[in-house]
Structures are given as structure tokens and as C-alpha cells.
Amino acid sequence: MSAPLRRAAERTPPGRDRHIDLLRAVAIALVVLGHWLAVVVTYRDRIGGDTVLAFVPWARPLTWLFQVMPVFFLVGGFAGAASLDSCRRRGGDAIGWFLSRTDRLIRPTTAFLLTLGGAALLALLLGADPATVGMAVWLACLPLWFLIAYVTVVLLTPVLLALHRRAGLAVPVVFAVAVAFGDAARLLGGPGVFGAANYLLAWAAVYQLGIAWREGALPARPRVAVPMIVGGLAALVLLTVPGPYAVSMVTDPGARLQNTSPPTLALLALAVAQTGVALLLHERGGRLLRRTRPWTAVVAANSVIMTVFLWHMTAVVIAVLALYVTGLLPQPPPGSAAWLLLRLPWLAFLTATLAVLVAVFARFERRGLERRGFERRGFERRVAERREGSSSAPGTGRAGASTSVATLAGAGLVVAGLLGVALTGSQGLPSPMLPARFAVCFAVYFAGAALLWAARASCRRVAS
């Protein structure tokens, strides 16, 4: 491990719950591996895509192990509540906290979209098939679906934390009931729009479980964890095997009701079981991470976690161009014995490609982390100066009205732009109009990112 990472590990505050960082790293690693194993990308005259579940139905139960995105929202709720409280104790407010919290999300995402947009434009100018470019963009943009929901719940953290302190565990229960109503409307033949709210409600419910954990409503004890594991798994089996939900926890082409688009009650049952496992392993994880080497490895993983997540499907696109278009790797029928054996060199190439992408682009994420650490230490210094009675101590950087408006507008534009990119990418580029739609969506996102940058700069000026 490098010296800066060791120093970062050594500077860890004694009160930090290191198990949360371990869960985040493990969750993203499993998500990446699951995507790489589940996606079936082919190349004949153009790039085509499908899921392994269309060819290997017996793999559907395995998605219960690899669908760990709920764990990321769980630890997001825990860490979000902790950092918001810390910010308020230092004299900051919710707007300043949101700007700081999302800096490490927006920086690497902006670099990702700038690079992706430039590469797509260059490919089109060089005469590449628009439909092929569209499929490549769609594959690369798959991680954006998660980011849309995550930025939204981070923005809502002050509200969700206040709701928990007023109503406790009743909040995620109400969210789950609302998700069930959305599912029922779709199962009874209603328009798909009835379930659209589940994209927010379901992930907010899991995020709320993380807040409840941090606030002590879900203590990390076996008497809490074991019933959650047993109850969550029992509900999951009942909802999927005899029930109306698909067994697969990722997209299944033959399923009547997908469990992730939008999230369903079955996915929430899996989230409850995963929360129980996280609670059950809390003490063991804490003991492990008191050792220097394991904790430094976790710090290293978390320092590039957004970069890994954003770029892991771009590695798939590069692999198709390098291995399939050139004919270096055969393309046997998906699900065959030969295809399964060829997953080994496929995974090896993807790992090496992602390592190169992380080496190139991780600087944007780490810069955001360094700035957050610098600002936090600055706050601590100013608090100490005020305690000593220094009249020259500057303010705490509470956001003004204009900064708050810019922040909310920026967040809205960022989410709208990401949503537009994700939706447009899923359609490919079969017509001359769709490149223009991509350009509009990118412009909306960059306008939002610029507003957030300006708001962040304003907060720093006030705090200095």
C-alpha cells in the first residue's frame, strides 16, 4: 500500500465505524463481478447485448448473492446520517453538507460523461454505425441508474433523518407499503407508471434502514439480526417461488414483473435479509479492521469506489472491441460449456482494463476526498479558534438563500440529465435524432454540475 493511503488509514477518527466502509467496498466488488458475469455481449455486424439468464435459467437464484446494491444504500444511510450530524455539530447546515457529500460523486461522474461523450462523438464523426455507438453508450451508462436514486436520497437525508427521529422504524415500513401498492397496481394490469415511484420509495426505504441502524433503532445484535435474516429470506421465498415475483433479483427477460426496474417488494425482502447479515457481522468486521493491513486495504478500495463503479461497464465495451471485433476471443453460444470456460479470460481482461481506467481517472474522485478532508480540518481549526476567543475566527460557512436555490436547482438538473442519458441510451441510436437527444441530456447534466460547483465555491468563500 502507498504511503498516502497508510497515512489516511492512520488518521481515521477513533469513533468511525469501520465495518460500514468494509460493507461498501464488498458491495461494489460484488456488483461489478455480478455485472461482468451476467452480461452477454456479442458482436456480429454490430454489438448486441443480453443477460445470461436468458440462456442459463438455473442461475436465477444466484442473483440473490450478487444483487447487493441494497447494501450500498444501507451503508449510505448510516454514513449519511453520521456525517450530517457531524457537519451540524461543526456549525454547518444541510446545504453545505450536501455540497460536500456529493462532491466525490459529481467529480468522477463529470469526468466519466465528458470522456464518454467525447468518445461517442469522435466515433460518429469517424463514420461508426450509430446503432453500435448507441449500444456501447447504453452499456457504459448502466451504472447511472444507481446514481440517479442515490443523489436523490442524499439530498433528502435531512428530511429522512428528521422523519426517523419522529416516527422511527415506521418510516421504512410506510415506504415498503407504498412499494407494495405500486407493485399491486402493475400486477393487476395498470400502467407501468404506477410503479415509477418505487425507484425512489424502495431505495429510500433501504437508506432509511441505514439511518435507523446508525440511530440505534436497529442495534447490531443477534436478537435483531437473526430475525431479520430469517424473516427477510422467508418473505423472499414466499414472494418469488409461489408468489407473483420473479426469482431473479436482476433483469430477467422472461419475467412479468422485474425486481429492479423499478424495485419491488421482493427486492426489499432481500434488503431486509442483507441488513440482518450486516448487523450480525458487525462485531467480527470491527475486530478484523482494527488491524492495520485489512483497514488500509479497505481505505484504498473506498478511495476509488465511485471510479470503479462508473467505469466497470466501459471496461466491457473495451473488451468487446478488443476481443470480439478483432476475433481474438471466440464467441460460442452463451451458456455452453465453452462459453463458461471463456469467462475466465473474459474476467481477467476486464479486471486489467478496469485497473487501467481506475489508474487514469481515480484522481478526480480522490481530489474530492482530499478537499472534503481539508474542509473538515478547516472547520475543526476554526471551532478551536472560536473556543479560544479569537476575534479573527471566520464563520462556519452556512449557505445563503441564493446558494441554497443554486444547490437545489443543480441537483435537479444533474438527476434529470442522468435520467435522460440512461433512458436515451437504452434505445440505442437508430435515427439521426438520438445523438441530439444525448447532447441535450449531457448539457442538462453539465449545467447542473456547474451550478453545484458554483454553490460549493460560494460556501467555501463564506467559510474562509
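Below you will find a few notes about this structure.

1. Let's talk about the layout of surface pockets
Next, step 1: In this structure, the second largest pocket spans a volume of roughly 1,600 Å³.
Next, step 2: Looking at the second largest pocket, it is lined by 46 residues, and the ones nearest its centre are His 35, Gln 67, Val 250, Thr 251 and Thr 260.
Next, step 3: Its residues assigned to classes, the lining of the second largest pocket shows 33 nonpolar, eleven polar and two charged.

2. Comments concerning the nonpolar core
Within soluble globular proteins, side chains that are nonpolar tend to cluster in buried spots.
Next, step 1: Residues Phe 73, Tyr 150, Trp 213 and Trp 346 are the most contacted members of the largest nonpolar core, which totals 120 residues.
Next, step 2: Among all residues touching Tyr 150, those that are not within four sequence positions of it are Phe 72, Phe 73, Gly 76, Leu 105 and Tyr 207.
Next, step 3: Judged by nonpolar contacts, the second largest core, of eight residues, contains Leu 5, Leu 22, Val 299 and Ala 300.

3. As for the pattern of salt bridges
Next, step 1: For the structure shown, the criterion picks out twelve salt bridges.
Next, step 2: Residue Asp 103 is joined to Arg 107 by a salt bridge in which the shortest nitrogen-to-oxygen separation is 2.9 Å. On the criterion of helical spacing, the pair formed by Asp 103 and Arg 107 is a turn pair, its members being four residues apart in helix α5 (residues 94-125).
Next, step 3: For the salt bridge of Arg 456 with Asp 103, the shortest nitrogen-to-oxygen distance reads 3.5 Å. Separated by 353 residues along the polypeptide, Arg 456 in helix α19 (residues 433-463) and Asp 103 in helix α5 bring together distant segments of the chain. One exposure class covers both Arg 456 and Asp 103, and it is buried.
Next, step 4: Connected through shared salt-bridge partners, Asp 85, Arg 165, Arg 214 and Glu 215 make up one network.

4. Some thoughts on the packing of helix α4 (residues 69-89) against α5
Next, step 1: Contact geometry of α4 with α5 gives a least axis separation of 10 Å together with a crossing angle of 130°. As the angle between them shows, α4 and α5 are arranged oblique. Judged by the twist between their axes, the crossing of α4 over α5 is right-handed. Across the interface between the two elements, Ala 79, Gly 80, Ser 83, Leu 84, Cys 87 and Arg 88 of α4 pack against Ala 94, Trp 97 and Arg 101 of α5.
Next, step 2: Per-class residue counts for the contact of α4 with α5 are five nonpolar, two polar and two charged.

5. A few points about unusual backbone geometry
Next, step 1: Residue Pro 262 is reached from Ser 261 by a cis peptide bond, and omega for that bond is 0°.
Next, step 2: With respect to the helices, strands and loops of the structure, Pro 262 is situated in the loop between α11 (222-240) and α12 (265-280).

6. What about the pairing of strand β2 (residues 47-51)?
Next, step 1: Bridge count between strand β1 (residues 39-43) and β2: five bridges; the pairing is antiparallel. The partner of Val 39 across the bridge, within β2, is Thr 51.

7. Comments concerning the packing of helix α2 (residues 18-38) against helix α15 (residues 305-324)
The relative placement of two packed helices comes down to the angle between their axes together with the axis-to-axis distance.
Next, step 1: Running from N to C, α2 and α15 cross one another at 5°; their axes reach a closest spacing of 10 Å. The pairing of α2 with α15 is recorded here as roughly parallel in orientation. Between α2 and α15, the residues in contact are Arg 24, Ala 25, Ile 28, Val 31, Val 32, His 35 and Trp 36 and Ile 305, Val 308, Phe 309, His 312, Met 313, Ala 315 and Val 316, respectively.
Next, step 2: Broken down by class, the residue content of the contact of α2 with α15 amounts to eleven nonpolar, two polar and one charged.

8. A closer look at empty space enclosed by the protein
Next, step 1: By the definition in use, this model includes one cavity of 30 Å³ or more.
Next, step 2: There is about 60 Å³ of room inside the largest cavity.
Next, step 3: Val 41, Thr 42, Tyr 324, Leu 329, Pro 330, Gln 331, Pro 332, Pro 334, Trp 339, Leu 342 and Arg 343 together form the lining of the largest cavity.
Next, step 4: Residue composition of the lining of the largest cavity, by class: eight nonpolar, two polar and one charged.

9. Side note on the environment of Ala 454
Next, step 1: Looking at the secondary structure, you find Ala 454 in helix α19.
Next, step 2: Separated by 51 residues in sequence, Ala 454 and Thr 403 place their C-alpha atoms 8.3 Å apart.

10. Observations concerning a positive patch on the surface
Next, step 1: Side chains of Arg 6, Arg 7, Arg 11 and Arg 293 sit close together on the surface and give a patch of like positive charge.
Next, step 2: Relative to the helices and strands, Arg 11 resides in the loop between α1 (3-10) and α2.
Next, step 3: Owing to a relative accessible area of 56%, Arg 11 belongs among the exposed residues under this scheme.

11. Comments concerning the side chain of Asn 302
Next, step 1: If you trace the backbone, Asn 302 turns up in helix α14 (residues 292-302).
Next, step 2: When its relative accessible area of 7% is taken as the criterion, Asn 302 is described as buried.
Next, step 3: From its side chain, Asn 302 meets the backbone oxygen of Asp 21 in a polar contact 3.1 Å long.

12. Points about the state of the cysteines
Next, step 1: For the structure shown, the criterion picks out zero disulfides.
Next, step 2: In this structure Cys 441 is a free cysteine whose sulfur lies 9.9 Å from that of Cys 141, the closest cysteine sulfur available.
Next, step 3: Residue Cys 459 stays outside any disulfide, its sulfur separated by 9.3 Å from that of Cys 87, the closest cysteine.
Next, step 4: Cys 459 gets classed as buried once you look at its relative accessible area, which sits at 11%.

Calculation notes
- Residues numbered from 1 in each chain as written.
- Predicted model: local features only at pLDDT ≥ 70, side-chain atom pairs only at ≥ 80, totals over all residues.
- Heavy atoms only, no water.
- 1 Å grid on protein atoms, 1.4 Å probe; cavity = no way out; pocket = protein on both sides within 12 Å on 5 of 7 lines; lining within 4 Å.
- Points joined across faces, edges and corners; volume = space filled by probe spheres on them.
- Nonpolar A, V, L, I, M, F, W, Y, C, P; charged D, E, K, R; others polar.
- Core = buried A, V, L, I, M, F, W, Y, C linked by side-chain atoms within 4.5 Å.
- Buried < 20%, exposed > 50% of the residue type's maximum accessible area, 1.4 Å probe, protein only.
- Contact = heavy atoms within 4.5 Å.
- Salt bridge = Lys/Arg side-chain N within 4 Å of Asp/Glu carboxyl O.
- Helix = DSSP H or I, 4+ residues; strand = E, 2+ residues; numbered from the N terminus.
- Axes fitted to C-alpha atoms, helices over the stretch in contact; angles between N-to-C directions.
- Parallel < 35°, antiparallel > 145°, perpendicular 65-115°, else oblique.
- Left-handed = near helix turned anticlockwise from the far one by under 90°.
- Pairing = 2+ DSSP bridges.
- Patch = residues over 30% accessible without salt bridge, like charges linked within 9 Å, V, L, I, M, F, W, Y side chains within 5 Å.
- Areas by Shrake-Rupley, 256 points an atom, 1.4 Å probe, with all protein chains shown as cover.
- Lys, Arg positive; Asp, Glu negative; His and termini not counted.
- Charge placed at Lys NZ, Arg CZ, Asp CG, Glu CD.
- Polar contact = N/O pair within 3.5 Å; in protein donor to acceptor, adjacent residues only side chain to side chain.
- Disulfide = S-S within 2.5 Å.

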